[in-house]
Amino acid sequence: MTSSARPLLNRRLAGFGTTIFAEMSALALRTGAINLGQGFPDTDGPEEVREAAVRALRDGRGNQYPPGPGVPELRTAIAAHQRRRYGLALDPDTEVLVTAGATEAIAASLLALLEPGDEVVALEPYYDSYAACVAMAGATRVPVTLRPRGDRFRLDLDELRDAVTDRTRLLLINTPHNPTGTVLTREELAAIAGLAVERDLLVVTDEVYEHLVFDDAEHVPLAGFPGMRDRTVTISSAGKTFSFTGWKVGWVTGTPELVTAVRSAKQYLTYVSAGPFQYAVAEALALPDAYFDAFRADHRRKRDLLADGLRSAGFEVYRPRGTYFITADISPFGEKDAYAFCRALPERCGVVAVPVSVFYDDPEAGRGQVRFAFCKKDEVLTEAAGRLRRAAP
């Protein structure tokens, strides 16, 4: 046992502890509840993609260390995807970097681009790794809160502008947005781009739900706006789009200078990962548009199935235009503490959700909000909705 009075854990991480996803998933396992808390599908993705991974394993491709930036086939496929979907031209040799999922991409980007004293403006509520990575870099996070208006969450562009100071180094933008389901419009993105150019800011964009946008929403990469190519690090991954979240294959795209900076940090995190899976993801990215259209339509239907069930159970539901999460308000039940509500929910009705309050700097801001994942089988969503309805006060 150490005799030092200094805590074992780095003070920058002292306030984080175990992630809410680990806590709630353990609760689901212990109680046998339906887990709508953590965002992973309960079915695998396309069989041809899984077979591509098996083929790579058997052929000995990727079983040893792959190239540091990622296998050439995947980097080429990522560049082709960006050109085909968004008209963005990338050099696969210098402007694409493969990472261990988007989580490592976020960590490497923030560790590479930030120094102590820098400020990072991020849309709140935010995915929990954002706050931890900003803290590890020694920077300061400055939240701009998405607030409910009507049946969805919206960004206040004036509040975003006011959050930028002389110490701001970087904007951290997530669209489609987890957990609120907000998809920033072209007009909002153009305003963000204008602000970044005007104040000479770097931007890191998390676009992992790029293929899950619904209704009248569209995903538009920020890197395509005037003045943004040289200052934007774009992040995405295969896990959400192809339903292989355990493979942990993500990527960073940007100018050679930005990608080199991120790679300098990334090489001391995992160095490389997921060798055979990289070859499979390269084939997945080349799937025809029919796959992406069907994937989106299937999740739109699942969204509506769960949203209708939550409403019938008494929740106030914020209709997501993207991702595979629904945020709901518990105030109609006379409840005010989402954390306590989620801890009691498995015993109460056999369903697990996540309290959105943990994704805010000020927990009071989301104290009455909970998040449900709808990337599950129809029968699971139907059963969960029934359980919630039967347990409603």
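Owing to the predicted nature of the structure, the values given are computational and were not obtained by experimental measurement.

The next subject is the domain arrangement of the protein chain. When the parts of a complex come together, some accessible area is lost, and that lost area is often taken as the interface size. Assigned domains within the protein chain: domain 1 (12-45 + 290-389) and domain 2 (47-286). Taken over C-alpha atoms, the centre of domain 1 sits 24 Å from the centre of domain 2. Taken residue by residue, the interface counts 37 residues in domain 1 and 49 residues in domain 2. Surface buried jointly by domain 1 and domain 2 totals about 3,800 Å² across both partners, of which 58% is contributed by carbon and sulfur atoms. When the area that domain 1 buries against domain 2 is broken down by residue, the three leading residues are Phe292, Arg321 and Thr323, summing to 23%. In this structure, Asp215 engages Arg319 in a salt bridge whose closest nitrogen and oxygen atoms are separated by 3.5 Å.

Pairing within the open sheet is mixed, and its seven strands lie in the order S2-S10-S9-S8-S7-S3-S4. Each edge of the open sheet is held by one strand with a lone partner, namely strand S2 (96-99) and strand S4 (140-145). For this sheet the average axis-to-axis angle between neighbouring strands, irrespective of direction, equals 20 degrees. Relative to strand S7 (residues 168-174), strand S3 (residues 119-124) runs parallel, the two sharing four bridges. If you follow Val121 over to S7, its bridge partner there is Leu171.

Attention now goes to the pattern of salt bridges. This structure, assessed with the given rule, holds 33 salt bridges. Residue Arg84 is joined to Asp289 by a salt bridge in which the shortest nitrogen-to-oxygen separation is 3.9 Å. Of this pair, Arg84 sits in helix H3 (residues 72-86) while Asp289 sits in helix H11 (residues 289-313), placing them 205 residues apart in sequence. Overall, Arg84 belongs to the partly exposed group, its relative accessible area being 41%. For Lys266, the salt bridge goes to Glu104, with nearest N and O atoms at 3.0 Å. Residue Lys266 is found in helix H9 (residues 256-266), and its partner Glu104 is found in helix H4 (residues 101-113); the two are separated by 162 residues along the sequence. Connected through salt bridges with shared partners, the residues Asp215, Arg303, Asp304 and Arg319 form a single ionic network.

As a further point, take the sheet that holds strand S15 (residues 369-373). With antiparallel pairing, the four strands of this open sheet are ordered in space as S11-S12-S15-S14. Every other strand in the sheet has two partners, leaving strand S11 (316-318) and strand S14 (354-355) as the edge strands with one partner each. Strand direction decides the pairing type here: strand S12 (residues 325-329) and S15, joined by five bridges, are antiparallel. Within the sheet, the bridge partner assigned to Thr327 lies in S15 and is Arg371. Helix-sheet contacts for H11 involve S11, S12 and S15, and the interaxial angle to S12 is about 15 degrees.

Calculation rules
- Residues numbered from 1 in each chain as written.
- Predicted model: local features only at pLDDT ≥ 70, side-chain atom pairs only at ≥ 80, totals over all residues.
- Heavy atoms only, no water.
- Domains from an automatic or database assignment.
- Contact = heavy atoms within 4.5 Å.
- Buried area = accessible area lost by both parts, 1.4 Å probe.
- Salt bridge = Lys/Arg side-chain N within 4 Å of Asp/Glu carboxyl O.
- Pairing = 2+ DSSP bridges.
- Helix = DSSP H or I, 4+ residues; strand = E, 2+ residues; numbered from the N terminus.
- Axes fitted to C-alpha atoms, helices over the stretch in contact; angles between N-to-C directions.
- Buried < 20%, exposed > 50% of the residue type's maximum accessible area, 1.4 Å probe, protein only.

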